[in-house]
Amino acid sequence: MKEAANTSVLVIDDEELVRNDIEEILMPRKSTAENESVGLAASILFDTPTKQTSKRKSNIPSFTVHKAANGMEGLELVKKSVANGVPYAVIFLDMRMPGWDGMETAEQIRKFDTKAEIIFVTAFSDNSIDDIVARAGQNVGYHCKPYASEEITQLATKAVTDYNKLRNLEKLIQTISSITVNEQHLTSLLRNILDQLVTYVETDMALLGKLHDNAEYEKLFSIGAIEEKIDLRELIGRVKSAQVADGSVVQLGDVVLARLNNYSIFAVLKDHEQLKTEKLYLLKLFVLNAAKAIHNAELHEKLLQKEKLSAVGKAVSMMMHDLRSPIKNIKVLTDMMRQEYPGNEWLDMIDDCGTQASEIFEDFLDFIKETPVKKLPVSLNKIIDDALKSTEGRNANGLVTISKNIPDNLMTEGDESKLKRVFMNLLNNAIDALTDNKIFQPSIDITAKTDKTDNHVTISVHDNGLGIHPEIIKTLFEPFVTKQKSNGTGLGLAIVKQYITAHGGEIKADNNNGAVFTVTIPLKK
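None of the values given here were measured: they were computed from a predicted structure.

Visitor: In this structure, what is going on with the side chain of Asn395? I would like to understand it.
Guide: Relative to the helices and strands, Asn395 resides in the loop between helix 12 (380-390) and strand 12 (401-405). In terms of polar contacts, Asn395 uses its side chain to reach the backbone amide nitrogen of Leu399, at 3.2 Å. Apart from the residues lying within four places of it in its own chain, the contact partners of Asn395 are Val400, Ile402 and Ile431.

Listed below in structure tokens is the structure:
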């Protein structure tokens, strides 16, 4: 159930006429025939204009008004309201009064209530706006006498709205700071964060997305036509150059930027508004706690992945223990058979399969344990050729055309078995995607280009299939991520990424008339 807004108002003025007038403006008495008759008689007797009663607009809050004749009396009402848990949202305060003047009264009030919106209503002021803000806080307003009824109503309505927005944001901060969600609920959390920020800064144009290290912005949610209003590339450039830290909120012209972990929110302010210090502070507090909730969600997901990998690792270790002897016996059996059938190529293939099965288990265990790779000089052509040979069984009858364009004598320093496993995985995935989706004239291109300036080689595996599903392309290299693959574990590409990273390289995935995997690794020095 939504909590009712606080519309409680306190009027502190030494003039009873002013106190009663503001009360009448904010809490107009219902018009009756008797009242109208009295008003008409008064206008005839005293030659005063008849007050025109009009229907109150539905968007104007129903105010509750209390009154005090001086600062000390007003302070007692403030202390009592805070103690009872029903503080005032708005305080109208005269500047010149006997005893405590308006400034001293405001300073005394701030000792007990720093959140109420204070509006000075006076014909005189001995203080500058900067002085008033310094002594009474950011959440103050100022209005000169004489005033119109509509002005008081507008001031009270805006102040009450601002007050309740701030309180709602504070409650949301308290809630969100302790929240722990999983990856499944992270999307809902992000959407809620965007909605709350948009409501708070009163905008109808905002954008939430993920800002990657390469300055690429991945849009997740948007409100309004913000992309037509701002130059997103230019804004991202400014964010990078200004090095806006995570958990920060900054105003760049008429755009508010909030950074939370790898996520960024851009919100366009209306009428080139300049946010007050308190508003920015609360926004930052909200963003910091939102970032904490997001971080908790991501940590929770990584913990689950670790637990899954640990369980898989234990299972594989048990299997490896049971299978190690049978796999080793394959070599013993083929050696015995060679004595009877010397030079038989089938026996060599059986040996290779046994060795490959053993390497797969060992490599998988290395992935679970994050074992460092042993680097030795190795030929990239040989690695690709061995990987192609290992995928021949997958590419039945040569249905998929595979072309290779690798310059000769390309050498790197690495673990030959693990690098071979990288390209076996990429090729097998490409073959499966092409055959499962029955692509017409399926093909895979393997190309390598060297960059002499940084002594790296880039190898791309490009197929002409349907490409990578948009839902998983950004998380493709995380464990247990798979889509529309009946025999997929979701670990293959996670292992590939770990191997490439261990070799001092990087791997990227993209779509360009099919899936494109690009591997960059150092060349042998």
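Visitor: I'm lost on the sheet that holds strand 12 in this one. Help?
Guide: In sheet architecture, strand pairing relies on hydrogen bonds along the backbone and comes in two forms, parallel and antiparallel. Pairing within the open sheet is mixed, and its five strands lie in the order 12-14-15-17-16. Of all the strands in the sheet, just strand 12 and strand 16 (506-511) have a single pairing partner and so form its edges. Across the sheet, the axes of successive neighbouring strands diverge by a mean angle of 15°, strand direction being ignored. Where strand 16 meets strand 17 (residues 515-522), six bridges bridge the pair, whose relative direction is antiparallel. Paired with Lys508 across the two strands is Thr518, which belongs to strand 17.

Visitor: So what exactly am I meant to see when it comes to the sheet that holds strand 3 (residues 90-93) here?
Guide: Taken in spatial order, the five strands make up an open sheet running 2-1-3-4-5, and their pairing is parallel. In this open sheet, the two edge strands, each paired with only one partner strand, are strand 2 (64-68) and strand 5 (140-144). The sheet shows a mean angle of 20° between the axes of neighbouring strands, direction not considered. Two elements, strand 4 (residues 117-122) and strand 5, share five bridges in a ladder whose sense is parallel. If you follow Phe120 over to strand 5, its bridge partner there is Tyr142. Relative to the sheet, helix 4 (residues 102-110) contacts strand 1 (8-12), strand 3, strand 4 and strand 5, its axis offset from that of strand 4 by approximately 170°.

Criteria and thresholds
- Residues numbered from 1 in each chain as written.
- Predicted model: local features only at pLDDT ≥ 70, side-chain atom pairs only at ≥ 80, totals over all residues.
- Heavy atoms only, no water.
- Helix = DSSP H or I, 4+ residues; strand = E, 2+ residues; numbered from the N terminus.
- Polar contact = N/O pair within 3.5 Å; in protein donor to acceptor, adjacent residues only side chain to side chain.
- Contact = heavy atoms within 4.5 Å.
- Pairing = 2+ DSSP bridges.
- Axes fitted to C-alpha atoms, helices over the stretch in contact; angles between N-to-C directions.

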